[in-house]
Every structure is written in C-alpha cells, then in structure tokens.
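The primary structure of each chain is shown beneath.
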Amino acid sequence: MGLLRDIGAYLILMRRVFTRPEKSSVFRHQFFIEGQNLGIDSLGIVAIISVFMGAVVAIQTAFNIDSPLIPDWTVGFTTRQSVILEFSPTIISLFLAGKVGSRVASEIGTMRVTEQIDALEIMGVNSAAYLIFPKIVAAVLLNPILVIISMFLSIFGGWAATVMTGLGSSVHFIEGLQLEFSLYDVFYALTKTIVFAFLITSVSGFHGYTMKGGALEVGRASTRAVVFSSIAIIVFNLILTQILLS
Amino acid sequence: MIEVQHISKAFGDKQVLKDVSFCFEPGKTNLIIGQSGSGKTVLMKCLVGLFEVDRGGILFHDRDFSAMSFNQRKEVRKEIGMLFQGGALFDSMTVEENVIFPLTMFTNQSREEKKDRAQFCLQRVNLQDTGHLYPAEISGGMKKRVAIARAIAMNPKYLFCDEPNSGLDPKTANVIDNLIHEITHEFNITTVVNTHDMNSVLEIGDNIAFLYQGELKWTGDSGSILRTDSPEINDFVFSTELTRRLKR
Ligand SMILES: Nc1ncnc2c1ncn2[C@@H]1O[C@H](COP(=O)(O)OP(=O)(O)OP(=O)(O)O)[C@@H](O)[C@H]1O
Ligand SMILES: [Mg+2]
C-alpha cells in the first residue's frame, strides 16, 4: 500500500517536473550548474573505479582459466564483454546512485526544510520543474559519456593488469578485444545507462522534494534516495536485459 | 486589500482555523497576533496558497485566490512578496543573486537594470555592501533584511512576513519592524505580519487580528489594544512585566 502510494506521488511529481521550463535562459543556466555538479565532478572517481574494476575482471578471468583448451584471447574477450554489458553501465550507475542520489536528495531536502521551496512557490515558480528537471537532463546526457569513458578505462585497466602481472600477452588480449565485437552491446549498455540516470535523479529528487520534518530527516531522505534508486536500477536492469537481449 | 471570508482549515481531526473572517487593508501594516500554536503561520500559508483551505474564500482585490488553478495563481503571485521565518534565502546564490532571482524569472530586464534594482532594494534595507556575500556568511538579522529586499524586488502589492523579528535582539527587531512599516506606507502595500512580539504590536500595528486557538477573538489597532476588556487578549497583552507596567 505504502509503495503504491509513493509510486503515485512520484508520478504526480514527474508530471509537474516535465512541464515547459519557465524560461529557457534560466533552464540553460541551471543545466550547466548541474552538469558540473553531477557529471564533471564525478569524472575523477569514475576513472579510478573503472581502471581498478577492469584490472580485477581481467586478473580473475586469467586466474580461473587454467585449461589449455581455452584459447589465449579469452581474457581480453571476457573483460570486454563484462565491462561493456554490466560493469560500466550497471556498477557505475549504482555508484552514481550513491554519489549523485544523496547529493540531489540532500540538496533539495535542505531547500524543503529551510522553506526555500516554499519561497520559490510563493514567487510563482514551478519549484519541482525548476529544481529537478535540469538535474534529470544533465544526468541523462552526461552519464552515458561517463560510462563510455569508464568502458575505455576499464578495458585499459584490464589490459595493463594482464600484461604487468604476466598473466597474458598484450597481443592475445587485444585479439580478444576485437573478437566478435557488436555495436548492439554498446547500444544496450547506453540505453540502460540513460534509464538508470533518469531513475537516479528522479527518484532522489522525489525523496528530497517530498520530505517532511527537519534537518535529521534530510539525512534519512538522502539514505532513502540512495536505497530506492539502487533498487530501481537493479529491477530495471533485469527488465531491460530481458527486453533488449532476448 | 485581501478579504478573508469564513475560512476553516484542519489537519486530520485537528481543527486549526475556525471560521476566520478578516479584511487586510492596503497601505497598512496588518498584524496577526496570538500565542504560539494559535494558527498564525497556518493562516498566513493559507493566504498565500501554500495550504489549501477546507472552506471559505480568499479574495485579493476581488480575485478569488482560493478557487484559482496553479497557472491563474501565478499572476497573483507575481504581486506577492513573502518573508519567511528563517529568511529562506537561496543558499547557492549570493545576496545580490537572491534579490535578482525573481527579476530573472519573471521580467525581461537587462543585466544592468536588474543589478540596479537589486542595488536599490539592498540600499533600502541598508545592505548595499553585502551583495557579493553568501547567505551563510551573514548574520540572522542581515538575512531577514536581504529577504525583505528580495520580497520587494518585484514591487509587490502584497507583502507577507512570518515573524520577521523572532530570534533578534530588541534593537534589530525594531529596525526590521520599522523597515516593514516604512516600506508598506511608502509603496502602499497590503502588508500582513505574524508576530507575538508586543513591542511590534504597539509600534507598527495599524490593523490587528487576534487569533485564539484558531478563532478570531478580537480586531482593532495599536491604540485600542491596551484598552479592551476581552479576557483572552488581556491575558496575551499583559503577560509580561513590561506591559503590565505600561498599563499602570
Ligand atoms: N503541516 C501541519 N500538519 C499538521 N498540523 C500542523 C501543521 N502546521 C501546523 N499545524 C498545527 O497547527 C497549529 C497552529 O500552528 P501554527 O504554526 O500556525 O502556530 P503559530 O501561531 O504560527 O505559532 P508560533 O508562534 O509558534 O509560530 C499547531 O497546533 C500545529 O501543531
Ligand atoms: Mg508560526
């Protein structure tokens, strides 16, 4: 019951979010700020996570296949497939759900508690659209770029780890990377990323915007935002995989 | 002029406002007074549409605000300025950007025009040199003054102030009160102020509504409030030593 009511409230809020911006110049300004806050600021940490993640995938694969029957290009091939299909789109999105989700919810929640949202409403500003819409647009446009960067860096990390630990040769790794490459996999990954980006910002925005109470609840709202956007990502990951890969 | 006609408001089964009718007059500082919990903030939030009333009407110069849609209300809201209890300044913007914000949102003024207007409003509240600071960098009293500057940026016809001087020292409180009073008369604004500060009541109360447990118990002005024999209001007014001495 509670969940159904929340979903209803979420949909009602989204209808307010997706109305024409009051003024395109104001929207552009907000969009650039959010692009900086939600996208550019995550670049460094996404890069670090990706390199290490790719390295671990490659090393794990190399360690676990000791059979002479398995071809040498397997490490490169497996690394590429895991990174493109799951690690970059899903793990990075889950990570961003933590980083961006808590930020969005606490920022909007604080504005709720300190009556800044009421102040916007009094002026006649559609506060839901003003606050949440630029965040959604920024994430939907920038997360795919972050994920593409993550794919390259993860594969680089995998290659570097394989070569440096002597678990495989550069030539074989690269051979594996090039084997049966399908652009559809990238399309699938980016579609997921875009859906996840929408879920992260809209779900977190919802939890911040609709919170009640004081400063203590802001912390709770941001925890809830992270939990619910992560769950939404996991559920939609399953749904989208069913739809896109079957 | 804002006319309140028989409005009621409940939260769950708790009746907060009971059949309140009152007329807030233009060019005057209209006060809503009453004890903590008597429903002042709720009444004010009903007036500006942050809460919907259960019954009754709210008329802004004969326009029935309570019956309007969000988009219709927008037009009225452009004529409204509001000062929140905590200031409600936008943390992510400087003082000047806060004052400019409504102008950016609702006018097509050039950058220079907006800056001039912001400077004028900040000057009016004696804060011309703080434009570059962020809300976190100024004091509570200054925040309230910035909030006043932001509220008057659009030349409002109606100004709402929720406890403008709570949490301030008596002198600063007085400065804020007088500022609101002067602006009201200067620009012929219909001003509504929530307060439980007797000092404000006596200094700036042109037209006073006394709320008691959600009911309108008394109306009058700063001159007549000391001479009424309503027991509830006497209890409220003469609750401090200072006012009791005043009576003697
Ligand atoms: N959002 C709300 N939900 C439920 N009850 C509320 C809500 N807001 C106010 N109330 C109740 O309405 C009553 C009046 O509250 P209100 O905030 O108007 O008091 P007030 O006169 O402004 O007091 P103060 O001087 O302390 O600010 C209180 O009993 C409060 O519990
Ligand atoms: Mg109050």
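Computed from a prediction, not measured in an experiment: that's the story for all the values here. (Residues numbered from 1 in each chain as written. Chains lettered and ligands numbered in written order. Predicted model: local features only at pLDDT ≥ 70, side-chain atom pairs only at ≥ 80, totals over all residues. Heavy atoms only, no water.)

K.L.:
I'd like a rundown of the overall build of chain B, residues and numbers included.
P.N.:
Per the secondary structure count, chain B includes nine helices and 10 strands. Considered along the principal axes of its C-alpha atoms, chain B spans approximately 55 × 45 × 30 Å. The buried share among the 248 residues of chain B stands at 53%. For chain B, contacts bridging at least 24 residues in sequence account for 65% of all contacts bridging at least 6. Accessible area for chain B stands at about 11,000 Å²; split by element, carbon and sulfur atoms hold 47% of it. Placing the 29 positive and 33 negative side-chain charges of chain B at their respective mean positions leaves the two points 2 Å apart. (Helix = DSSP H or I, 4+ residues; strand = E, 2+ residues; numbered from the N terminus. Buried < 20%, exposed > 50% of the residue type's maximum accessible area, 1.4 Å probe, protein only. Contact = heavy atoms within 4.5 Å. Areas by Shrake-Rupley, 256 points an atom, 1.4 Å probe, with all protein chains shown as cover. Lys, Arg positive; Asp, Glu negative; His and termini not counted. Charge placed at Lys NZ, Arg CZ, Asp CG, Glu CD.)

K.L.:
If you had to explain the sheet that holds strand β5 (residues 63-64) of chain B to someone new, which residues and values would you point to?
P.N.:
All names here are of chain B. Pairing within the open sheet is antiparallel, and its four strands lie in the order β2-β1-β4-β5. In the strand order of this sheet, the two ends are held by β2 (14-24) and β5, each with one partner. The pairing of strand β4 (residues 55-60) with β5 spans two bridges and is antiparallel. Bridge pairing links Leu59 to Asp64 in β5. Where helix α1 (residues 40-48) meets the sheet, its contacts fall on β1 (2-11), β2 and β4, and the angle it forms with β1 comes to roughly 120°. (Pairing = 2+ DSSP bridges. Axes fitted to C-alpha atoms, helices over the stretch in contact; angles between N-to-C directions.)

K.L.:
Please set out the confidence of the model for chain B residue by residue, giving values where relevant.
P.N.:
Of the residues in chain B, 100% reach a pLDDT of 70 or more, and the chain-wide mean stands at 90. Scoring of the predicted complex yields 0.89 for pTM and 0.89 for ipTM. (pLDDT = per-residue confidence, 0-100.)

K.L.:
Can you tell me about the nonpolar core, naming the residues and giving the values?
P.N.:
Tyr130(A), Ile2(B), Ile7(B), Phe60(B), Phe101(B) and Phe160(B) are the most contacted members of the largest nonpolar core, which totals 86 residues. At 12 residues, the largest contribution of residues to this core is made by helix α6 (residues 127-165) of chain A. If near-sequence neighbours (up to four positions away) are discounted, Phe160(B) is found in contact with Ile2(B), Met44(B), Leu47(B), Val48(B), Phe60(B), Ile80(B), Gly81(B), Met82(B), Leu83(B) and Val192(B). (Core = buried A, V, L, I, M, F, W, Y, C linked by side-chain atoms within 4.5 Å.)

K.L.:
Give me the lowdown on a nonpolar patch on the surface, citing residues and values where you can.
P.N.:
Residues and elements named next belong to chain A. Together, Leu3, Ile7, Leu11, Val227, Phe228, Ile231, Val235, Phe236, Ile239 and Ile243 line one region of the surface with nonpolar side chains, adding up to about 870 Å² of accessible area. Sorting the residues of the nonpolar patch by element identifies α1 (2-17) and α9 (215-245) as the ones contributing at least two each. Tracing the backbone shows Ile239 in helix α9. On the accessibility criterion, Ile239 (37% relative accessible area) is partly exposed. (Patch = residues over 30% accessible without salt bridge, like charges linked within 9 Å, V, L, I, M, F, W, Y side chains within 5 Å. Salt bridge = Lys/Arg side-chain N within 4 Å of Asp/Glu carboxyl O.)

K.L.:
Give me the lowdown on the side chain of Glu163(B), citing residues and values where you can.
P.N.:
Residues and elements named next belong to chain B. Of note, Glu163 is situated in the loop between β7 (158-162) and α6 (170-186). Of the side chains bearing the opposite charge, Lys40 lies closest to the buried Glu163, which forms no salt bridge; the N-O distance is 4.2 Å. There is a polar contact of 3.1 Å between the side chain of Glu163 and the side chain of His196. Beyond its immediate sequence surroundings of up to four residues, Glu163 is in contact with Lys40, Gln85, Lys144, Asn194 and His196. (Polar contact = N/O pair within 3.5 Å; in protein donor to acceptor, adjacent residues only side chain to side chain.)

K.L.:
Any details on the packing of helix α4 (residues 74-113) of chain A against helix α5 (residues 116-123) of chain A? Residues and values, ideally.
P.N.:
All names here are of chain A. Close contact between α4 and α5 brings their axes to 4 Å; oriented N to C, the two are set at 70°. Taken together, α4 and α5 sit at an angle that is classed as roughly perpendicular. For the pair formed by α4 and α5, the contact residues are Ile108, Met111 and Arg112 on the first element and Gln116, Ile117, Asp118 and Leu120 on the second. Its residues assigned to classes, the contact of α4 with α5 comprises four nonpolar, one polar and two charged. (Parallel < 35°, antiparallel > 145°, perpendicular 65-115°, else oblique. Nonpolar A, V, L, I, M, F, W, Y, C, P; charged D, E, K, R; others polar.)

K.L.:
Any chance you could break down the site of ligand 1 for me, citing the residues and the numbers?
P.N.:
Residue and element names in this part refer to chain B. For ligand 1, the set of nearby residues contains 14 residues, the closest of which are Ser36, Gly37, Lys40, Thr41 and Val42. Lys40 is positioned such that a nitrogen or oxygen atom in its side chain is 2.8 Å from an oxygen atom of ligand 1. Take Thr41: an N or O atom from its side chain is 2.6 Å from an oxygen atom of ligand 1. Compared with its free state, where it exposes 630 Å², ligand 1 has 64% of that area covered by protein. (Near = heavy atom within 4 Å.)

K.L.:
Help me get a handle on the packing of aromatic side chains, residues and values and all.
P.N.:
A full pass over the atoms with the stated rule returns 18 aromatic pairs over all chains. When the centroid spacing of 5.7 Å and the interplanar angle of 80° are considered together, the rings of Trp73(A) and Phe77(A) count as edge-to-face. Taking the centre distance of 5.2 Å and the plane angle of 75° together, the rings of Phe11(B) and Phe51(B) count as edge-to-face. Remark: Phe51(B) occurs in the loop between α1 and β4 and Phe11(B) occurs in strand β1; sequence separation between them is 40 residues. On the accessibility criterion, Phe11(B) (35% relative accessible area) is partly exposed. On the basis of relative accessibility, which here comes to 25%, the residue Phe51(B) falls in the partly exposed class. (Phe/Tyr/Trp six-rings, centres within 6.5 Å; stacked < 30°, edge-to-face > 60°.)

K.L.:
Describe α9(A), and please don't skip the residues or the numbers.
P.N.:
Residue and element names in this part refer to chain A. Taking 1.5 Å of rise per residue, 31 residues should cover 45 Å, and α9 covers 44 Å from first to last C-alpha, within 8% of that figure. Here α9 has its buried residues at Val218, Ala221, Ser222, Ala225, Ser229, Ser230, Ala232, Ile233, Asn237, Leu240 and Leu244. Contacts from the buried residues of α9 go to α4 and α8 (183-209). (Expected span 1.5 Å × (residues − 1).)

K.L.:
Mind laying out the interface of chain A and chain B, listing which residues take part and the relevant values?
P.N.:
Facing 19 residues of chain A, the contacting portion of chain B comprises 25 residues. If you look at where chain A meets chain B, you find two salt bridges. With its nearest N and O atoms 3.6 Å apart, the salt bridge here joins Lys45(B) to Glu115(A). Our count for the contact surface shared by chain A and chain B stands at four residue pairs in polar contact (both at pLDDT 80 or more). For the side of chain A that touches chain B, the elements supplying multiple residues, two or more each, are α4 and α5 of chain A. Residues belonging to the side of chain A that touches chain B are distributed by class as follows: eight nonpolar, five polar and six charged.

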